[in-house]
Amino acid sequence: MAKLAIATSDGKVVNRHFGRADTFLIMDIDIDDGSWKAVESRKVEPVCIGRDHNDDRLLKNAAAFSDCEYMLVAKIGMSAANAVESFGVQVFEMPMLIPDAIDKMRRYVQVQNLFL
């Protein structure tokens, strides 16, 4: 099982920008068979407030997901994506229904794993 963080406001759609999200749904996902289950809701302080960004909070939030292998967001800036990925988390922009996003991400990861 792998851990997946999802930026969502309603638990149904990947609909939050990483920097504005205050809650992430954490899932356990089996990349091989596609099964998944919600395991927790993780709160963070948003990085972006208006047009201002807090760099210290960005690093703190990125580190908060260091136990996850994957993250789904509606949108993420390059510096934020680099910060999250520096903790070993692969980030995907997929603003869509959560089941569809999980399936699309899982198929992508399976193809990438063919080349390892």
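Criteria and cut-off values
Residues numbered from 1 in each chain as written. Predicted model: local features only at pLDDT ≥ 70, side-chain atom pairs only at ≥ 80, totals over all residues. Heavy atoms only, no water. Salt bridge = Lys/Arg side-chain N within 4 Å of Asp/Glu carboxyl O. Helix = DSSP H or I, 4+ residues; strand = E, 2+ residues; numbered from the N terminus. Buried < 20%, exposed > 50% of the residue type's maximum accessible area, 1.4 Å probe, protein only. Phe/Tyr/Trp six-rings, centres within 6.5 Å; stacked < 30°, edge-to-face > 60°.

A. Structural view of the pattern of salt bridges. Applying the stated criterion to the full structure yields seven salt bridges. Measuring nitrogen to oxygen at the nearest pair gives 3.4 Å for the salt bridge that ties Lys3 to Asp28. With Lys3 in strand S1 (residues 2-7) and Asp28 in strand S2 (residues 23-29), the pair connects residues that are 25 residues apart, well separated along the chain. The class of Lys3 is partly exposed, set by a relative accessible area of 22%. The buried category is assigned to Asp28, whose relative accessible area is 15%. Between Asp103 and Arg106 there is a salt bridge; the shortest N-O distance is 3.3 Å. Linking Asp103 with Arg106, this pair stays in helix H3 (residues 98-113), spanning three residues, or about one helical turn. Here the residues in one salt-bridge network are Glu40, Arg42 and Asp67, joined through shared partners.

B. Focus on the packing of aromatic side chains. Tallying each qualifying case throughout the model produces four aromatic pairs. Between the aromatic rings of Tyr70 and Phe92, the centroid separation amounts to 6.4 Å while the plane-to-plane angle is 45°, which identifies the pairing as tilted. Residue Tyr70 is found in strand S6 (residues 70-73), and its partner Phe92 is found in strand S7 (residues 90-93); the two are separated by 22 residues along the sequence. As far as burial versus exposure is concerned, Tyr70 and Phe92 are alike and both buried. Put simply, the rings of Phe18, Phe24 and Phe65 touch in pairs and so form one group of aromatic residues.

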